[in-house]
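Breakdown of the fold
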Amino acid sequence: SQTIHQWPATLVQPVGSPLSLECTVEGTSNPNLYWYRQAAGRGLQLLFYSVGIGQISSEVPQNLSASRPQDRQFILSSKKLLLSDSGFYLCAWGQGMDEQYFGPGTRLTVT
Amino acid sequence: AQSVAQPEDQVNVAEGNPLTVKCTYSVSGNPYLFWYVQYPNRGLQFLLKYITGDNLVKGSYGFEAEFNKSQTSFHLKKPSALVSDSALYFCAVRGKWGNFNKFYFGSGTKLNVKP
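The model shown is predicted, which means the values in this text are computed figures rather than measured ones. (Residues numbered from 1 in each chain as written. Chains lettered and ligands numbered in written order. Predicted model: local features only at pLDDT ≥ 70, side-chain atom pairs only at ≥ 80, totals over all residues. Heavy atoms only, no water.)

**Some remarks on the interface of chain B and chain A**
So the rule is basically this: We call two residues in contact when some of their heavy atoms are within 4.5 Å. Salt bridges are counted wherever a side-chain nitrogen of Lys or Arg sits within 4 Å of a carboxyl oxygen of Asp or Glu. Whenever a nitrogen or oxygen atom comes within 3.5 Å of another N or O atom, the pair is scored as a polar contact, on the condition that within protein one atom can donate a hydrogen and the other can accept it, and that pairs from neighbouring residues in sequence are kept only if both atoms are in side chains. Helix numbering and strand numbering both begin at the N terminus, where a helix is a DSSP run of H or I of at least 4 residues and a strand a DSSP run of E of at least 2. Following the grouping adopted for this structure description, the nonpolar residues are Ala, Val, Leu, Ile, Met, Phe, Trp, Tyr, Cys and Pro, the charged ones are Asp, Glu, Lys and Arg, and the polar ones are all others, Gly among them.
Taken together, the 24 residues of chain B in the interface contact 24 residues of chain A. At the junction of chain B with chain A, the criterion picks out 3 salt bridges. Among the ionic pairs, D98 of chain A bridges to K49 of chain B, the shortest N-O distance being 3.4 Å. At the surface where chain B touches chain A, the tally comes to 12 residue pairs in polar contact (both at pLDDT 80 or more). Every element with two or more residues in the side of chain B that touches chain A is listed here: strand 5 (33-38), strand 6 (44-50), strand 10 (87-94), strand 11 (103-105) and strand 12 (109-114) of chain B. Along the lines of polarity and charge, the residues of the side of chain B that touches chain A split into 11 nonpolar, 7 polar and 6 charged.

In structure tokens form, the structure reads like this:
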């Protein structure tokens, strides 16, 4: 069966520091991968998605970036965090016409 | 453009009563529709989907949803609510054509089931 992992689970970082969040999927190959941000426990904002290694689509211009160095690995990064980057970050995977499956999330607090 | 709307921020229901969480969609052609549930500080869990076929779709934990093309709705239902159903519910629609790999989520509805 397929599983999706995210780490770390929680993170507290000062403004201006770098960020790296990692997401990996097991039990499938060539998945579509997604990064979402959820603010204040409500709506989901799609940040990036990827349909293959090295292929990244950016949905919102901001100081975040994403990379997919391996088929089942998706990384969210920032060189300098802003206060507004605080939120709950969710990684998801999907294939074909099927639904998405979400990871457990990373709670990021920028202080 | 593709979108879904969840008109209720919050739904309150007594345990044992039926529940409905509303969703309307806007997409050309036949939609691919989904419902997810989120418990506090957790990722979203898939409940059910409509791709084609029967308008009444059954999913996990006793939930079902009814696809209504004329009303462009996909309401989530359960005959008898449990306190443990209290959570945040999201409706989503898959994009079309060049946006097929994207999912568009509603703003979420908080379901409160009181004992």
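Having seen the model, we can carry on.
**Some words on the sheet that holds strand 8 (residues 73-78) of chain A**
Strand pairing in a sheet is mediated by backbone hydrogen bonds. Such pairs are either parallel or antiparallel. Residues and elements named next belong to chain A. In plain terms, the rule: For two strands to pair, DSSP has to find at least two bridges joining them. Axis definition: a line fitted to C-alpha atoms, over the contacting stretch in the case of helices. Angles run 0 to 180 degrees between N-to-C directions.
The sheet built from 4 strands is open, its strands ordered 1-3-8-7 with antiparallel pairing. Sheet topology places strand 1 (3-7) and strand 7 (64-70) at the edges, where each strand pairs with a single neighbour. Each adjacent strand pair in this sheet contributes to an overall mean axis angle of 20°, direction not counted. Relative to strand 8, strand 3 (residues 19-26) is paired through 6 bridges, and the arrangement is antiparallel. Paired with C23 across the bridge in strand 8 is F74.

**A word on the pairing of strand 6 (residues 55-58) of chain A**
Residues and elements named next belong to chain A. Where strand 5 (residues 44-52) meets strand 6, 3 bridges bridge the pair, whose relative direction is antiparallel. Paired with F48 across the bridge in strand 6 is S58. Between strand 5 and strand 6, which pair antiparallel and follow one another directly, the connecting turn spans 2 residues, one of which, G54, has a positive phi of 75°.

**A look at the packing of aromatic side chains**
Our working rule: In this analysis, rings of Phe, Tyr and Trp, with Trp reduced to its six-membered ring, are considered paired at centre separations within 6.5 Å, and the interplanar angle assigns stacked below 30 degrees, edge-to-face beyond 60, and tilted for intermediate values. Only protein chains enter the accessibility calculation, which uses a 1.4 Å probe; a residue is then buried when its area is under 20% of its type maximum, exposed when over 50%, and partly exposed in between. Our definition puts a charge over a ring when NZ of Lys or CZ of Arg is within 6 Å of the ring centre and also within 35 degrees of the ring normal.
Taken as a whole, this structure holds 18 aromatic pairs over all chains when the rule is applied. Taking the centre distance of 5.9 Å and the plane angle of 65° together, the rings of Y36 of chain B and F46 of chain B count as edge-to-face. Note that Y36 of chain B is positioned in strand 5 and F46 of chain B in strand 6, a separation of 10 residues in sequence. Between the aromatic rings of Y50 of chain B and F74 of chain B, the centroid separation amounts to 6.5 Å while the plane-to-plane angle is 55°, which identifies the pairing as tilted. Placement of Y50 of chain B in strand 6 and of F74 of chain B in strand 9 (residues 73-78) is noted, with a sequence separation of 24 residues between them. Per residue, the accessibility class of Y50 of chain B equals that of F74 of chain B, and both read buried. Taken together through their ring pairs, the aromatic side chains of Y34, Y36, Y49, W93, Y101 and F102 of chain A together with F34, Y36, F46, F103 and F105 of chain B make up a single cluster. Over the aromatic face of F63 of chain B sits the side chain of K78 of chain B, whose NZ or CZ is 5.0 Å from the ring centroid. Of note, R94 of chain B hangs over the ring of F100 of chain B, and the distance from its end group to the ring centre comes to 4.3 Å.

**Let's talk about the side chain of Q6 of chain B**
Residue and element names in this part refer to chain B. Mapped onto the secondary structure, Q6 falls in the loop between strand 1 (3-5) and strand 2 (10-14). Residue classification places Q6 among the buried positions, given a relative accessible area of 6%. Within the structure, the side chain of Q6 is placed 3.0 Å from the backbone nitrogen of C91, a separation counted as a polar contact. At 3.1 Å, the side chain of Q6 forms a polar contact with the side chain of T109. Contact partners of Q6, with chain neighbours within four places excluded, come to V21, K22, W35, Y89, F90, C91, G106, S107, G108 and T109.

By themselves, these are just geometric observations and shouldn't be taken as functional.
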